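A structural walkthrough
The lines below spell out each chain.
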Amino acid sequence: MKTPLFKKSHDLKLLVLACAVMEKEIRQCQNGRVEFKFFDYGLHRTPENMSKAIQVEIDRVNEEEYDGIILGYGLCSNGIVGVHSHRHRLIVPRAHDCITLFLGSPESYKSQSVKHPGTYYLTPGWIEKGETPLSKYGSYAKSYGEETARWVLHEEMKHYTRIAVIDTGVYPLEPYQKIAIQNAKFLGISYEELKGSPYFFKELVAGPWEKDFLIIEKGYSIQQDMFFDL
Amino acid sequence: MIYQEKKINPIKILPTIGEAEVEMKLVQLQQAVALRNCKVVKELTEGLVKEEVDLFKILNHGLIPGMLENSERFRRGEFFIPELLMSSRALKIGLNILRPLIQERKRGVLGRIVIGTVKFDLHDIGKNLVIILLEGNGFEIIDLGVDVPPEKFIKAVEKNGAQILAMSSLLTSTMSWMRSTIELLHASGMDGLVKTMVGGAPVTPIFAKNIGADAYCREATSAPAMAKRILGIREDEHTSFTK
């Protein structure tokens, strides 16, 4: 028989530190045993700041407060590399980034990126945070004028061939569909809807954190090569 | 030797502006790249060339430090893609002025480099900046674009007789293709003739070492110096003399 990850199964108290872009999806899975802290979604742009922000929070947690800490992050461009805890065991999903978490498995992410490497993924969370090509264009134009904005967006997006919205089942999809279609039209690329899965979010909150999770023991840190075989 | 130096006219015309003024203009050039001001970059570079300032100085004390400053600001999250692209554009204007002058001073190319973004990865902002920098330094570039499979890299190296194979990736999910490409290069028996260079946001020095790459570039601006180093070319070669 497998030894359970935590000796006690009752009164287990866990802390989830996660990206705000999946806040709704994670909160949906609340079971009363976990507490949440969500971080600014913008951290993904600066991986060095991401690990620092997460580390500060981990270091702040007292040993007796929780039995373990769960990270609601993928490898995120090395944004969690080096993160460690001296007082708690860390549980981390084995995923390159949140797209895997939304889609529900590393395999589905892989098959999507093999079929359509030029996919710009959107989820309701990402759209709400303003991370769409159209809203980027708007903010570029505000700072640098329309001509420059067009040029920048073209340079940034020229190899993308598809916008895919992942339906995570938590939001009513329709308003987000509309925005995603507008974006696809604006860029002149195709639009598709992909079915998401709550698997990772449920598992994040409730366990048993088996095949798709890394268990980082106290004093060890998260390393890039732990994700290479995905 | 990859090339032969052209004979240089031994009569050296003294710069008409003083050292201090040159230094000041180089600092201004650095700032103009950092501030993404194409017009000023063009004026200052042309002015410095006209004054017969060492091309190596214009590159490495003017244009490149300005770009490096912005790359670092991008890394720290103070700048985003528009600022990065706009400074690349300003840098390119300066380098386009220097390139023909550098080419004029040599008979062959400094080296031939096959470059591309690895398979299943379509990000090329960093790679394109590396190309601007390498071309500006006198290298000949064969750009394979994005989503380049290992076989295509190897074929291009063979066909063009390249001395360097350079690869970029922006995703942790695609960087392993660098390893596959280097392995294929080894299997093809060309590894003794070709050096490999890797870079891109998720690539680390440890990863580069583990996959057997000859050079790792932390940022685009270090690519020319690294390329010269692995080919055993002096850092200031082809750029260190005036007309």
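Residues numbered from 1 in each chain as written. Chains lettered and ligands numbered in written order. Predicted model: local features only at pLDDT ≥ 70, side-chain atom pairs only at ≥ 80, totals over all residues.

With respect to the overall build of chain A
Scanning chain A from N- to C-terminus turns up nine helices and eight strands. Computed over C-alpha atoms, the radius of gyration of chain A comes to 19 Å, within 12% of the 17 Å expected from 2.2 N^0.38 for 230 residues, which places it in the range of a compact globule. Along the first, second and third principal axes, the C-alpha set of chain A runs to 60 × 30 × 30 Å. When burial is assessed residue by residue, chain A has 39% of its 230 residues classed as buried. Of all intrachain contacts in chain A linking residues separated by at least 6 positions in sequence, the fraction that spans at least 24 positions is 68%. (Helix = DSSP H or I, 4+ residues; strand = E, 2+ residues; numbered from the N terminus. Rg over C-alpha atoms; globule rule 2.2 N^0.38 Å. Buried ≥ 20, exposed ≤ 12 C-beta atoms within 10 Å, placed from the backbone. Contact = placed C-beta atoms within 7 Å.)

A word on the overall build of chain B
A tally of helices and strands in chain B yields nine helices and five strands. The helix and strand sequence of chain B, counted from the amino end, reads α-α-α-α-β-α-β-α-β-α-β-α-β-α. Looking at chain B as a whole, 48% of its 243 residues are labelled buried. For chain B, long-range pairs separated by at least 24 residues make up 77% of all intrachain contacts whose partners lie at least 6 apart in sequence.

Here's the deal with the domain arrangement of chain A
How big an interface is tends to be stated in terms of the accessible area lost upon association of its parts. Domain boundaries assigned for chain A yield domain 1 (14–97 + 198–227) and domain 2 (106–195). Taken together, the contact between domain 1 of chain A and domain 2 of chain A spans 10 residues of the former and eight residues of the latter. (Domains from an automatic or database assignment.)

Quick look at the packing of helix H2 (residues 38–50) of chain B against helix H4 (residues 81–104) of chain B
Pairs of packed helices are described in terms of their axes, by the angle between the two and the distance that separates them. Residue and element names in this part refer to chain B. The interhelical angle for the contact between H2 and H4, taken along N-to-C directions, is 25°, at an axis separation of 8 Å. With respect to each other, H2 and H4 are oriented roughly parallel. Along this stretch, H2 crosses H4, giving a crossing that reads as right-handed. Seen from H2, the contacting residues are Cys-38, Val-41, Lys-42, Thr-45, Glu-46 and Val-49; seen from H4, they are Arg-89, Ala-90, Ile-93, Gly-94, Ile-97, Leu-98 and Leu-101. (Axes fitted to C-alpha atoms, helices over the stretch in contact; angles between N-to-C directions. Parallel < 35°, antiparallel > 145°, perpendicular 65-115°, else oblique. Left-handed = near helix turned anticlockwise from the far one by under 90°.)

Section: the nonpolar core
Side chains of nonpolar character tend, in soluble globular proteins, to be buried together. Val-33, Leu-63, Ile-113, Val-130, Leu-165 and Met-197 of chain B are the most contacted members of the largest nonpolar core, which has 74 residues in total. Counting residues per element, this core draws most heavily on H4 of chain B, which supplies 10 residues. Judged by nonpolar contacts, the second largest core, of 52 residues, contains Val-16, Cys-19, Val-92 and Trp-126 of chain A. (Core = buried A, V, L, I, M, F, W, Y, C linked by C-beta atoms within 7 Å.)

Quick notes on the interface of chain B and chain A
With 19 residues of chain B in contact, the opposing surface of chain A contributes 23 residues. It is H4 of chain B that contributes the most residues to the side of chain B that touches chain A, three residues altogether. In terms of residue class, the side of chain B that touches chain A is built from 11 nonpolar, five polar and three charged. (Nonpolar A, V, L, I, M, F, W, Y, C, P; charged D, E, K, R; others polar.)

As for the domain arrangement of chain B
All names here are of chain B. Along its sequence, chain B is organised into domain 1 (19–104) and domain 2 (112–230). Put simply, the middle of domain 1 and the middle of domain 2, counted by C-alpha atoms, are 24 Å apart. In this assembly, 16 residues from domain 1 lie in contact with 10 residues from domain 2. Among the elements of the structure, helix H3 (55–75) and H4 are those that each provide at least two residues to the side of domain 1 that touches domain 2. Ranked by the residues each element gives to the side of domain 1 that touches domain 2, the list is headed by H4, at 11 residues.

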